[in-house]
Amino acid sequence: MPLEYALQHRGLFPDPGPWKVPPARKVTLRDTLGIEALPRQRFNKTKRTPYVLNIMVVGESGLGKTTFMNTLFNTPLREEILPKNPQSTNTVEVTPVHYELTEDGVKLNLTVVDTPGFGDQLNREHNLDPIVEYIDNQFEAYHAAERSPGFRTAIPDTRIHILLYFIAPTGHALKELDIKSLQVLSAKVNVIPVIAKADTLTQDEKTAFKKTILRDIEANKIKVFPTAYPDDRESVEELEKYIPFTVIGSDNFVDAGGKKVRGRHYRWGIVEVENEKHCDFIHLRELLMTHALHDILETSHTVHYHNYRADKLRSNGRPESILACDESYEHRIERSKQNMAEDMVRKEEEMRQNFVLKVREKESNLREREEQLNQRRQQLMAELEEQRLALAAEEREFQELYNANRAASSVSKGSKIFGKKN
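These lines cover the structure that appears in this document, whether it is placed above or below. (Residues numbered from 1 in each chain as written. Predicted model: local features only at pLDDT ≥ 70, side-chain atom pairs only at ≥ 80, totals over all residues. Heavy atoms only, no water.)

### Notes on the sheet that holds strand E6 (residues 245–246)
As summarised here, the arrangement of the six strands in space is E2-E3-E1-E4-E5-E6, forming an open sheet in which the pairing is mixed. Where the open sheet ends on each side, the last strands, each with one partner, are strand E2 (95–103) and E6. When strand E4 (residues 162–167) meets strand E5 (residues 190–195), the two strands line up parallel, connected through six bridges. Paired with Leu164 across the two strands is Ile192, which belongs to E5. Helix-sheet contacts for helix H4 (residues 128–147) involve strand E1 (51–58), E2 and strand E3 (106–114), and the interaxial angle to E1 is about 165°. Where helix H6 (residues 203–219) meets the sheet, it contacts E4, E5 and E6, and its direction lies at approximately 150° from that of E5. (Pairing = 2+ DSSP bridges. Helix = DSSP H or I, 4+ residues; strand = E, 2+ residues; numbered from the N terminus. Contact = heavy atoms within 4.5 Å. Axes fitted to C-alpha atoms, helices over the stretch in contact; angles between N-to-C directions.)

### Some thoughts on the sheet that holds strand E7 (residues 253–256)
Read from one edge of the open sheet, three strands run E7-E8-E9, paired in antiparallel fashion. Only two strands of the sheet have a single partner each, and these edge strands are E7 and strand E9 (269–272). Between one strand and the next, the sheet's axes are offset by a mean angle of 70°, whatever the strand orientation. In this structure, E7 lies alongside strand E8 (residues 259–266), joined through four bridges in antiparallel fashion. Looking at E8, one finds that Asp255 is bridged to Lys260.

Here you go:
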């Protein structure tokens with residue numbers, strides 16, 4: 001910093017250090033500048049840019065995964081084709097299908113990754129291998145694009161953002177395959193457990209089955225979105241109570257009270273897909289599309305992809321000090337600052353409480369001292385009053401004696417005078 005500049009701005013602009021920006025001074029505009037249009041410009045630019053959402057669905061065959069995806073996005077994405085004999089499939093296939101959805105000028109590039117053959121073999125030991133390999137390959141492709149010379153351009157994002165894990169409506173505890181799959185997959189992507197074909201369970205059975213699944217999830221330390229990611233959960237806390245979501249899929253519309261709705265028609269009645277009394281479909285769609293879509297994309301990048309990249313760099317012998325230059329370093333710094341601020345607030349509150357206690361203790365001591373002084377004053381005043389009364393009594397006695405002596409002397413003088421005259 002030049003000496004002249006330092007002398008002119010002594011103490012106003014301290015050097016913030018390397019890679020830091022000095023604090024700005026607040027000024028008042030004299031006329032309209034047009035700054036209020038910046039959010040609108042950013043909104044228009046963001047609206048023109050297509051959004052990307054990659055969803056993977058995992059679950060046994062016959063649980064209605066494809067039908068549910070058609071129901072979720074209100075469009076026939078694809079028809080579900082099941083193998084004639086599911087047990088004859090030797091491996092799990094991973095089949096991504098790409099779509100472009102448009103609503104009110106907003107484009108969504110949707111990729112649905114299905115996993116036909118999962119859980120269909122008698123030997124399910126390696127069912128997860130193709131799924132985990134596909135997820136890691138997408139991470140590796142994004143990592144390679146970041147390291148390429150054209151990394152400043154938009155990188156095609158094929159990473160899995162959310163994984164819907166379909167659970168068979170057995171009404172019992174989670175299967176061993178489900179527990180193992182959820183443990184492995186939840187460490188790599190955002191996972192939301194879903195109970196398929198909820199119309200096969202009664203309301204009491206749904207409640208009991210949910211409690212059993214939640215108990216298994218907690219016992220096996222399975223991370224579930226958004227519960228396992230505490231940041232910015234205020235908008236979805238009301239929806240978390242429905243986890244795991246019970247869902248129903250249907251490509252058909254039925255007549256319910258003169259209104260066409262998605263649902264299924266049975267001999268005993270109609271099941272509506274978007275009726276919260278029948279299933280949790282609307283709450284799941286609200287979580288995915290209305291409240292948490294941005295959080296899903298951000299968590300996929302800042303948590304899961306960063307964990308993969310950090311592990312990749314550590315495997316090559318890169319030290320932790322270099323990894324601290326990652327974007328997550330700033331996040332950790334902000335978290336440390338927040339913790340320090342909370343600690344300072346806590347210490348300040350403790351100091352205030354201690355100060356209040358000491359003041360109260362001092363006030364109590366002063367009051368006791370004041371009472372003692374008042375008692376001593378009253379005692380001295382009483383003694384003084386006694387002495388004043390005693391002095392007054394002695395003064396009266398003295399006055400009486402003086403008056404008596406004076407009277408006696410005047411009588412004796414008078415008798416002498418009368419004696420001489422005679």
